[in-house]
Amino acid sequence: AVHEIINQALEKLEEMQVPMPDYALKSAGAAIILSKTSPSLRTAKAKVFLYSLPVMDYMRSPELILEVGAPRSTGQSSWPFPGSQGHVFIKLSMPVVPRAVTMAHVSGTAFHGESISGAPKDFAVYGSKEEHEEQGTFLGQFTFLAVLNPSQTFQLK
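Values in this document were obtained by computation on a predicted structure and should not be read as measured data. (Residues numbered from 1 in each chain as written. Predicted model: local features only at pLDDT ≥ 70, side-chain atom pairs only at ≥ 80, totals over all residues. Heavy atoms only, no water.)

A. View of the overall build of the protein. Each helix and strand counted, the protein has one helix and eight strands in total. Secondary structure elements in the protein, listed N-terminal to C-terminal, are α-β-β-β-β-β-β-β-β. Classification of the 157 residues of the protein by burial places 20% in the buried group. Counting contacts in the protein only where the partners sit at least 6 residues apart, residues at least 24 apart contribute 54% of the total. For the protein, the exposed area adds up to about 11,700 Å²; of that, 58% sits on carbon and sulfur atoms. (Helix = DSSP H or I, 4+ residues; strand = E, 2+ residues; numbered from the N terminus. Buried < 20%, exposed > 50% of the residue type's maximum accessible area, 1.4 Å probe, protein only. Contact = heavy atoms within 4.5 Å. Areas by Shrake-Rupley, 256 points an atom, 1.4 Å probe, with all protein chains shown as cover.)

B. Fine view of the side chain of S38. Relative to the helices and strands, S38 resides in the loop between strand 1 (31-32) and strand 2 (42-50). S38 gets classed as buried once you look at its relative accessible area, which sits at 10%. A distance of 2.7 Å separates a polar side-chain atom of S38 from the backbone nitrogen of H87. Apart from residues lying up to four places away in sequence, S38 is in contact with W79, G86 and H87. (Polar contact = N/O pair within 3.5 Å; in protein donor to acceptor, adjacent residues only side chain to side chain.)

C. Focus on the environment of G140. You can see G140 is positioned in strand 7 (residues 137-143). For G140, a relative accessible area of 5% puts it in the buried group. Each C-alpha atom, one on G140 and one on Y126, is 7.3 Å from the other, the two residues being 14 residues apart in sequence. Dropping the residues within four chain positions of it, G140 is found in contact with F123, A124 and V125.

D. Quick peek at the packing of aromatic side chains. Scanning the model with the defined rule gives four aromatic pairs in all. For the ring pair F123 and F142, a centre distance of 5.6 Å and an interplane angle of 40° mean the geometry is tilted. Taken as a pair, F123 in strand 6 (residues 122-127) and F142 in strand 7 lie far apart in primary sequence, 19 residues in all. You can call F123 buried: its relative accessible area is 13%. For F142, a relative accessible area of 13% translates into the label buried. Three or more aromatic residues link up through ring pairs in this structure, and these residues are F123, F142 and F154. (Phe/Tyr/Trp six-rings, centres within 6.5 Å; stacked < 30°, edge-to-face > 60°.)

E. Summary view of the pattern of salt bridges. By the definition in use, this model includes two salt bridges. One salt bridge connects E63 with K26, and the closest N-O pair in it is separated by 3.9 Å. Here K26 lies in the loop between helix 1 (2-16) and strand 1 and E63 lies in the loop between strand 3 (53-59) and strand 4 (90-91), a separation of 37 residues in the sequence. Judged by relative accessible area, which is 22%, E63 ranks as partly exposed. Exposure remark for K26: the relative accessible area of 43% places this residue in the partly exposed category. The residue K91 makes a salt bridge to E131 at a minimum N-O spacing of 3.3 Å. Here E131 lies in the loop between strand 6 and strand 7 and K91 lies in strand 4, a separation of 40 residues in the sequence. (Salt bridge = Lys/Arg side-chain N within 4 Å of Asp/Glu carboxyl O.)

F. Looking closely at the nonpolar core. Ranked by size, the top nonpolar core spans nine residues in total: M103, F123, V125, L139, F142, F144, A146, F154 and L156. The set of elements that each furnish at least two residues to this core consists of strand 6 and strand 7. (Core = buried A, V, L, I, M, F, W, Y, C linked by side-chain atoms within 4.5 Å.)

G. Structural detail: the environment of F81. Mapped onto the secondary structure, F81 falls in the loop between strand 3 and strand 4. Judged by its relative accessible area of 23%, F81 is partly exposed. For F81 and L41, which are 40 residues apart along the polypeptide, the C-alpha to C-alpha distance reads 4.4 Å. Ignoring anything within four residues of it in the chain, the contact list for F81 reads P39, S40, L41 and G86.

The values are spatial; any link to function lies outside them.
Written out as structure tokens, the structure is:
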């Protein structure tokens, strides 16, 4: 009975929490450092056309992950990269002390009929004070389980 009351109180507190600020948004001044980021996946299934002539394979920019408003459930803010490992370097507009990081992936089969099996699973987060730092400071390693929830927040140390 006491545990139940405590759990209910914790649930209410969780509902009342102020949302965490998202410093990794383009509108907040964040930017992708392309020279330190994995290349985007090119797909021959879609082409970019110029005057009705196909000029190149279509690829999505990593800048998409910094956008707000594009529904994640439809894949409009997803950034596919080739292979099973990739990395992205996000430069924030101001120094921050990060407390958590949120990973989101399209749910179900919403993105081109593909399953969520393509979602990143194991990932690590690093922070750096200067853009030229090679590795940065290790902030945590996590496992994203897309089948549980397409958007998950992980607390940093």
